[in-house]
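Analysis of the macromolecular model
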Amino acid sequence: MYSSVVKKLVHDLPNRGSLKTATHRAEGENPVCGDQIELFLQVEEGRVVDCHFQANGCPAAIASAAALTLMVKDKSLQECLDMTESALLEYLEGLPSHKLHGAQLALEVLRRALT
Amino acid sequence: MRSVYLDNNATTQVDPAVVERMNDYFGENFGNASSVHSFGQRARAGLEEARRQVASLIDASPAEIIFTGGGTEADNLAIKGVALARQEKGKHLITSRIEHPAVLRTCESLERDGFEVTYLDVGSDGAVDPGQLEQSLRDDTILVSIMFANNETGVIQPVEEMAPLVRERGIYFHCDAVQGVAKASLPVDRFPVDLLSISAHKFHGPKGVGALYVRKGTPLQPQMLGGSHERRMRAGTENVPAIVGFGQACQLAAERMEDFVRRVSILRDRLENGILNAIEGVRVNGAGQRRLPHVTNISFEGIEGEALLVALDFQGIAVSTGAACASGSISPSHVLAAMGLPDRWIRGSIRFSLSRLTTEEEIDYVLDVLPGIVQRMREMAVSSSS
């Protein structure tokens, strides 16, 4: 059901917790299932130097948020804004079709944080 | 990576002795048990030996055992079979809100066909109240179906207290004992039910085979029509390899039950106490109640059960959760909800179910791994610092 990448992210939870040096922050919630994601980004000279997340919810939402914190590092703001669902899913080595809302919520929060 | 299987209420590993017994009936004893020739009669002999082994586990007569395609089919046959056979007497049934879907969906199907069903509540302890059952009995009640022990919490229902109240009124009592058989002694001469569902794969037998115990004289309308198999109560060529494996699993369970209960309850308590001592914000659902010896259902506050399940799976530990997210909506455990648990506790519930194969080293491995995972998840939670 879940790839080994997703399982490892949910187990390790890299970059978990808030980021005191964050310059950008946003949060989002799926009102139906209650998934919550909060992203903290530290942006310097137009590039993301650090990113952390907090989340409550299902493995798909947690893994998506954790993956984004790894994917956006050293990226320009425009590169982050251009990040697609398919790129995130490729990084995660897929999600079950009924769990895609987790990835969509994470990307929505990222865009909200940067715009 | 280590591999620790603690989801034995979902299914169990088939015992090698069961596989060996089954192989004989895939091989040289492959005949159709209804055939008159010697091939068929060898299969018939295996089938009837298995019937004796299943009956013996619950101190029943072999003639009171009907083989089915599993526990779900046994539940369907019991409930629909009695309801349809007794509908001229009345069309009211009673069950509880914590039954397995095999019972609940069958009752709902009967409701659509004009029957009336009363669903009994449970207390916060996870047990049905015999007093509430007695008050719900009516002149037109024809069947009561209450499980022996709940599959999620392991809480044992007071069937021995309830069944006599029901049967003395001429009402039939069905017990879904799929999770209880082979884990507790259920002799039907002292365990006063009319029908009892059994599933082989819950105690090291094969999947796709089970049985319905039907006390002599209980009216039952067959639900599978066709040939005259199983004394016309369940048409269809018998799955002889699975049935002989089922019989072997019953014999092994009978031989091992005392040792199983003693050993596994020690390990379950070691796991439960270890978690309670090492992790704050946890509760054992159904604690203090009479429970199956191999099950514990624990809620971790502030944690999503499915996420915890996946993190444990990464460490090679298999468990199950009472709340899973599907298509953007949460489907919480109907059992924990019926117990009145707040949503935050339901969402963080994990069921650990042990087997005779579970070792102390495996339990200690879980206790070694679990606290760190829970701590990381709580550090991640939005509410932790927002």
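Procedures and definitions
- Residues numbered from 1 in each chain as written.
- Chains lettered and ligands numbered in written order.
- Predicted model: local features only at pLDDT ≥ 70, side-chain atom pairs only at ≥ 80, totals over all residues.
- Contact = placed C-beta atoms within 7 Å.
- Helix = DSSP H or I, 4+ residues; strand = E, 2+ residues; numbered from the N terminus.
- Pairing = 2+ DSSP bridges.
- Axes fitted to C-alpha atoms, helices over the stretch in contact; angles between N-to-C directions.
- Expected span 1.5 Å × (residues − 1).
- Buried ≥ 20, exposed ≤ 12 C-beta atoms within 10 Å, placed from the backbone.
- Domains from an automatic or database assignment.
- Nonpolar A, V, L, I, M, F, W, Y, C, P; charged D, E, K, R; others polar.

1. Concerning the interface of chain B and chain A
Counting residues at the interface gives 24 residues for chain B and 24 residues for chain A. The set of elements that each furnish at least two residues to the side of chain B that touches chain A consists of helix H9 (305-314), strand S13 (323-326), strand S14 (329-332) and helix H12 (360-380) of chain B. The element that contributes the greatest number of residues to the side of chain B that touches chain A is H9(B), accounting for 6 residues.

2. Regarding the sheet that holds strand S12 (residues 320-321) of chain B
All names here are of chain B. Reading across the sheet, the 4 strands line up as S9-S10-S15-S12 and stay open at both edges, with antiparallel pairing between neighbours. Two strands lie at the open edges of the sheet, namely strand S9 (282-284) and S12, each paired on one side alone. Looking at chain direction, S12 and strand S15 (residues 349-353) are connected through 2 bridges and run antiparallel. If you follow threonine 321 over to S15, its bridge partner there is isoleucine 350. Running over the sheet, helix H8 (residues 240-278) touches S9, strand S10 (295-300) and S15 and is turned about 10 degrees from S10.

3. What about unusual backbone geometry?
The backbone of A:Glu45 shows a phi angle near 50 degrees, a positive value even though the residue is not glycine. Note on placement: A:Glu45 falls in the loop between strand S2 (36-44) and strand S3 (47-56). In the Ramachandran plot, B:Glu230 falls in the positive-phi region, its phi being about 50 degrees despite a non-glycine side chain. With respect to the helices and strands, the residue B:Glu230 is situated in helix H7 (residues 229-232).

4. Some remarks on helix H2 (residues 59-71) of chain A
Across its 13 residues, H2(A) extends 18 Å between first and last C-alpha, which sits within 8% of the 18 Å expected from 1.5 Å per residue. Buried within H2(A) are the following residues: A:Pro59, A:Ala60, A:Ala61, A:Ile62, A:Ala63, A:Ser64, A:Ala65, A:Ala66, A:Ala67, A:Leu68 and A:Thr69. Residues of H2(A) that are buried in the fold lie against helix H1 (4-12), S2, S3, helix H4 (85-91) and helix H5 (100-114) of chain A together with H9 of chain B.

5. Some remarks on the domain arrangement of chain B
Residues and elements named next belong to chain B. In terms of domains, chain B is made up of domain 1 (4-10 + 257-384) and domain 2 (16-253). Centre-to-centre, using C-alpha coordinates, domain 1 lies 29 Å away from domain 2. Looking at the side of domain 1 that touches domain 2 element by element, the count peaks at 4 residues for helix H10 (residues 334-338). The class makeup of the residues in the side of domain 1 that touches domain 2 is 8 nonpolar, 12 polar and 3 charged.

6. Regarding the environment of A:Val10
In this fold, A:Val10 is placed in helix H1. Judged by the 31 C-beta atoms lying within 10 Å of it, A:Val10 falls in the buried class. Non-local contacts of A:Val10, meaning those with residues more than four positions away in its chain, are made with A:Pro59, A:Ile62, A:Ala63, B:Ala307, B:Val310 and B:Ala311.

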